[in-house]
Amino acid sequence: IQLATENEQRLSELPAQAGSFKETQIVEFIFLLAEKWHLDQPVRYQAVELLERFMIKQVEQICKSSRDDVRSHEQEGSSWSSLKEQICDTFVLRLVSCIQLASKLSLHYNIVNSDTALQFLQSLKYSYTKQELLESELAVLKTLRFQINVSTPLAYVELLLEVLGHNGCLLPVKPLHQMCVQLLDFSYLTRDPIYSTLLEMAIENSTPNQLQVAKFLAVKEDSMLLAVGIISTSVFILEPGHWAQVVEHLSSAAGITSQSISEFSYAVLKHIVGSPTP
């Protein structure tokens, strides 16, 4: 109930730019760094969500400050160019800071310390100091008003798996959890194609207009829908004989229709089948 309430609250306050910093290249960068630094599974999702929230807030603040300063159209053009340059120049630093903060939240034995972060940044030819690294972490914390410990989609997945077990769904827990994590990774990395398929199914049209895309934003950011869809797809792959029962349980627990869960599974499976073999 607490997670569902948190999810609904977040969806009711979604900024129009939600999802703008979850592009495949950014997510892949974070996942690869988390793997390189041997971080716990939740860290990579927390880092993605932290970076997304921070960047949106930062862009909003910078744009507001710029609008307050602008006095002419000519100034506006040069000012926006300068702002974009400012955001791009510090983007990798902010990304590393978000991974650092996420690693400290995970309560895992392995966190990303300043030496590790600096060594990586220097390998990319950045010349930041430890002081600048600390200031970057503080900038993220202040921008987010120190509200950084938010529930990721993985938390929803794991709690719903617990609920399924409590409700008597006798499923192989360890392989199911592993499959869910793999599919969650996949959904982060192929986010746009999966949700484009879902939108096309919802409107029964392959060319949605801007209004339809805007209204669909809440669906793309719904952590509960993502979690039930990931579990449903995992069960379909591992234990297809239990799939209908699991979808019924998930629908009851999450308050999401069986049709919506089935459609999400279809969208994920469609892109898994269409993905090139590694």
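Residues numbered from 1 in each chain as written. Predicted model: local features only at pLDDT ≥ 70, side-chain atom pairs only at ≥ 80, totals over all residues. Heavy atoms only, no water.

K.L.:
In this structure, what is going on with the state of the cysteines? I would like to understand it.
P.N.:
Linking two cysteines covalently through their sulfur atoms gives a disulfide. One pass over the structure, following the stated rule, counts zero disulfides. With no disulfide of its own, Cys-98 has Cys-88 as its nearest cysteine by sulfur position, at a separation of 16 Å. When its relative accessible area of 0% is taken as the criterion, Cys-98 is described as buried. (Disulfide = S-S within 2.5 Å. Buried < 20%, exposed > 50% of the residue type's maximum accessible area, 1.4 Å probe, protein only.)

K.L.:
I would appreciate a short explanation of the domain arrangement of the protein chain in the present structure.
P.N.:
Note on interface size: it is often stated as the accessible area lost on association of the parts. Splitting the protein chain by domain gives domain 1 (15-144) and domain 2 (153-274). Here the C-alpha centroids of domain 1 and domain 2 sit 28 Å apart. Contacts between domain 1 and domain 2 engage 15 residues on the former and eleven residues on the latter. Taking both partners together, domain 1 and domain 2 bury about 1,200 Å²; carbon and sulfur atoms supply 61% of that area. Contact with domain 2 buries surface across domain 1, with Lys-22, Gln-41 and Tyr-45 losing the most and accounting together for 42% of the total. There are two salt bridges connecting domain 1 and domain 2. For the salt bridge of Glu-221 with Lys-22, the shortest nitrogen-to-oxygen distance reads 3.2 Å. The interface formed by domain 1 and domain 2 holds six residue pairs in polar contact (both at pLDDT 80 or more) in total. (Domains from an automatic or database assignment. Contact = heavy atoms within 4.5 Å. Buried area = accessible area lost by both parts, 1.4 Å probe. Salt bridge = Lys/Arg side-chain N within 4 Å of Asp/Glu carboxyl O. Polar contact = N/O pair within 3.5 Å; in protein donor to acceptor, adjacent residues only side chain to side chain.)

K.L.:
Can you walk me through the side chain of Asp-185 in this structure?
P.N.:
Considering the arrangement of structural elements, one finds Asp-185 in helix α8 (residues 173-189). In this structure the side chain of Asp-185 is engaged in a polar contact, spanning 2.6 Å, whose partner is the side chain of Tyr-45. (Helix = DSSP H or I, 4+ residues; strand = E, 2+ residues; numbered from the N terminus.)

K.L.:
Hey, could you run me through the pattern of salt bridges in this one?
P.N.:
Pairs can form between side chains of opposite charge whenever their charged atoms are close. Applying the stated criterion across every chain, the model contains eight salt bridges. The residue Asp-185 makes a salt bridge to Arg-44 at a minimum N-O spacing of 3.3 Å. Pair noted here: Asp-185 is in helix α8 and Arg-44 is in helix α3 (residues 41-69), with a separation of 141 residues, a long-range link. Looking at Asp-185, the relative accessible area reads 14%, which means it is buried. Since its relative accessible area comes to 17%, Arg-44 is described here as buried.

K.L.:
Help me understand a nonpolar patch on the surface, please; the structure alone is not making it clear to me.
P.N.:
On the surface, Phe-236, Ile-237 and Leu-238 cluster together into a nonpolar patch covering about 230 Å² of accessible area. Note on placement: Ile-237 falls in helix α12 (residues 223-238). Judged by its relative accessible area of 36%, Ile-237 falls in the partly exposed class. (Patch = residues over 30% accessible without salt bridge, like charges linked within 9 Å, V, L, I, M, F, W, Y side chains within 5 Å. Areas by Shrake-Rupley, 256 points an atom, 1.4 Å probe, with all protein chains shown as cover.)

K.L.:
Just checking my understanding: could you explain the packing of α12 against helix α14 (residues 258-274) for this structure?
P.N.:
For any two helices packed against each other, the geometry comes down to the angle between their axes and how far apart the axes lie. Put simply, α12 and α14 touch, their axes get as near as 8 Å, and they point 65° apart. Comparing the axis directions of α12 and α14 gives the class roughly perpendicular. In this structure, α12 crosses over α14, and the sense of that crossing is right-handed. Of α14, the residues touching α12 (which contributes Leu-225, Leu-226, Val-228, Gly-229, Ile-230, Ser-232, Thr-233, Phe-236 and Ile-237) are Ser-260, Ile-261, Phe-264, Ser-265, Val-268 and Leu-269. A class-by-class count of the residues in the contact of α12 with α14 yields ten nonpolar, five polar and no charged. (Axes fitted to C-alpha atoms, helices over the stretch in contact; angles between N-to-C directions. Parallel < 35°, antiparallel > 145°, perpendicular 65-115°, else oblique. Left-handed = near helix turned anticlockwise from the far one by under 90°. Nonpolar A, V, L, I, M, F, W, Y, C, P; charged D, E, K, R; others polar.)

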